[in-house]
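Coordinate analysis (summary)
For reference, the chains in residue letters:
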Amino acid sequence: MKKTILMLGGSRRVSLADLLVESGRKFDTDVKIVAYELNLEVPIALKGEVVRGLKWSDPDVVEDIARVCEEFKVDIILPFVNGAVEVASQCKERIPGVFVPVADYKLTSRLFDKVEASRIFKDAGFPIPKTYTVINNVMPAIAKPRKGGSSRGIQIFHDVDDLMHLENLDSYIIQEYIAHNKEYTVDCYVDASGKILCTVPRERLEVLGGEVNRTRTCHIDAIIDLSREVIEKCGLTGAVTLQFLHDEDRDRFLLMEVNPRLGGGVICSIYAGAPITDYIIGESLGKELTVCDSWSSDVLMSRYMEEAIFHNGKIIR
């Protein structure tokens, strides 16, 4: 049997492509990787064919992806960056016969607007940082762009006057600044029926360019329980990455973000024993999936750089 996976924005996910191919073998399935990218000369070319695509904001992007799906007989679509998630959720509705393990578009579009997401979290009763208005705030405060990721554009303010001079203030969310904290990510997978198959917390030890560079799995019941509550109340399915902050001064866990996609550090959780790539392939094949609670704590992932070399548009290493 063969399965073709279309990776949206997965230009650097070389090791994850390897794991998807390996998971396919467990199901006697030959997995082929196709990547949809703006630039053909990207590292994922080491593992599959790269197709030049449109920007996520292009009104024709879903139609173009549908064309690629037909041309390459795509079976699975996986998004890897925020902009691609909303596109993937639209593909889920518009391209029949292709398995797209993401939440519905109505939800994903709200989750990638931090103001809208905070409303969802507040209405559901999840613990989140205090959210301020321009008039009603307490210093110090942190301003984050409503849309976007990888920690880009975040600013910390200690003076209200400085905050008031922030350009395009309406495009930011303003929240309390928590100085002494630890960051945690939780890698989750939820099948189409809403069954939670795994929730693996890991501490973000080092971040480079907005993406985790060192991370360690850790079994923290409070985070796991809160993650399950978030998934159930929000109605999330497929691959989900949750971000939490531990306020060390007040000993509380706060929900920061819900990213309905695979996170960049999910490799750590997979090697800790959470079979997330197996779940993706297995669910696409209609296999019965079992819950994984036996993953290992204290598994450390430390990343390094490796080169992909191109010449005249062809990859040579």
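Residues numbered from 1 in each chain as written. Predicted model: local features only at pLDDT ≥ 70, side-chain atom pairs only at ≥ 80, totals over all residues. Heavy atoms only, no water.

**What to know about the sheet that holds strand β13 (residues 252-259)**
- Here we have 6 strands laid out as an open sheet, ordered β13-β12-β9-β10-β11-β14, and antiparallel in their pairing. The two strands at the open ends of the sheet, each matched to only one other strand, are β13 and β14 (300-302). Direction aside, the axes of adjacent strands within the sheet are offset by 30° on average.
- Here helix α9 (residues 276-284) sits on the sheet and contacts β9 (181-190) and β10 (196-208); the angle it forms with β9, its principal contact strand, is near 25°. (Pairing = 2+ DSSP bridges. Helix = DSSP H or I, 4+ residues; strand = E, 2+ residues; numbered from the N terminus. Axes fitted to C-alpha atoms, helices over the stretch in contact; angles between N-to-C directions. Contact = heavy atoms within 4.5 Å.)

**Quick notes on unusual backbone geometry**
- Omega for the bond connecting M139 with P140 falls within 30 degrees of zero, at 0°, which places this linkage in the cis form.
- Within the secondary structure layout, P140 lies in the loop between β5 (131-132) and β6 (141-145).
- One non-glycine residue, N312, lies in positive phi territory at about 55°.
- Mapped onto the elements of the fold, N312 is located in the loop between β15 (310-311) and β16 (314-315).

**Some points on the pairing of strand β4 (residues 76-79)**
- Side chains of β4 alternate between two faces, with I76 and L78 and I77 and P79 buried alike.
- Direction of pairing for strand β1 (residues 2-8) relative to β4: parallel, over a ladder of 4 bridges. Paired with L8 across the two strands is P79, which belongs to β4. (Buried < 20%, exposed > 50% of the residue type's maximum accessible area, 1.4 Å probe, protein only.)

**Thoughts on helix α1 (residues 14-26)**
- In this model, α1 (13 residues) spans 19 Å end to end at C-alpha, consistent with the 18 Å of a helix rising 1.5 Å per residue.
- Those residues of α1 that fall on the buried side of the exposure criterion are V14, L16, A17, L19, L20, S23 and G24.
- For α1, the elements touching its buried residues are β1, β2 (30-37), β4, α8 (266-271) and α9.
- Once α1 ends, the next one or two residues include D28, with phi positive near 55°. (Expected span 1.5 Å × (residues − 1).)

**Focus: the sheet that holds β4**
- Taking strand neighbours across the sheet as the criterion, the 4 strands line up as β3-β2-β1-β4 in an open arrangement whose pairing is parallel. Of all the strands in the sheet, the pair left with one neighbour each is β3 (49-52) and β4. For this sheet, the mean angle separating the axes of adjacent strands, direction not counted, is 25°.
- In the packing of α1 onto the sheet, contacts are made with β1, β2 and β4, and the angle to β2 comes to roughly 150°.
- Together, β1 and β4 form the strand contacts of helix α3 (residues 82-94), whose direction differs from that of β4 by roughly 155°.

**A short note on helix α2 (residues 61-72)**
- Its 12 residues give α2 an end-to-end C-alpha distance of 16 Å, which sits within 8% of 16 Å, the value for a rise of 1.5 Å per residue.
- Taken as a whole, α2 has its buried residues at V61, V62, D64, I65, V68, C69 and F72. Looking down the long axis of α2, one finds its buried residues gathered within 160° of arc, a one-sided arrangement. Within α2, the exposed residues directed more than 90 degrees away from the buried face are E63, E70 and E71.
- On its buried face, α2 sits against β1, β2, β3, β4 and α3.
- Just beyond α2, the residue with positive phi is K73, at close to 55°. (Arc of directions from axis to C-beta.)

**Some thoughts on the state of the cysteines**
- Counting across every chain of the model gives 0 disulfides.
- C188 supplies the cysteine sulfur nearest to C234, a cysteine that is in no disulfide, at a spacing of 11 Å.
- A relative accessible area of 14% means that C234 is categorised as buried. (Disulfide = S-S within 2.5 Å.)

**What about the packing of α2 against α3?**
- Where α2 contacts α3, the two axes come as close as 10 Å, and the packing angle between them is 65°. Taken as a pair, α2 and α3 cross one another with a handedness that is right-handed. Counting all contacts with α2, which are made through V61, V62 and I65, the residues of α3 involved are V87, Q90, C91 and R94. (Left-handed = near helix turned anticlockwise from the far one by under 90°.)

**Examining the packing of aromatic side chains**
- Counted by the stated rule, this structure contains 4 aromatic pairs.
- Aromatic side chains Y36 and W56 sit 6.0 Å apart centroid to centroid with 35° between the ring planes, which places their arrangement in the tilted category. Separated by 20 residues along the polypeptide, Y36 in strand β2 and W56 in the loop between β3 and α2 bring together distant segments of the chain.
- Consider the rings of Y184 and F253, whose centres lie 6.0 Å apart with planes at 70°: the pair is edge-to-face. Of the two residues, Y184 is situated in strand β9 and F253 in strand β13; the sequence distance between them amounts to 69 residues. Residues Y184 and F253 agree in their burial class; the two are buried. (Phe/Tyr/Trp six-rings, centres within 6.5 Å; stacked < 30°, edge-to-face > 60°.)

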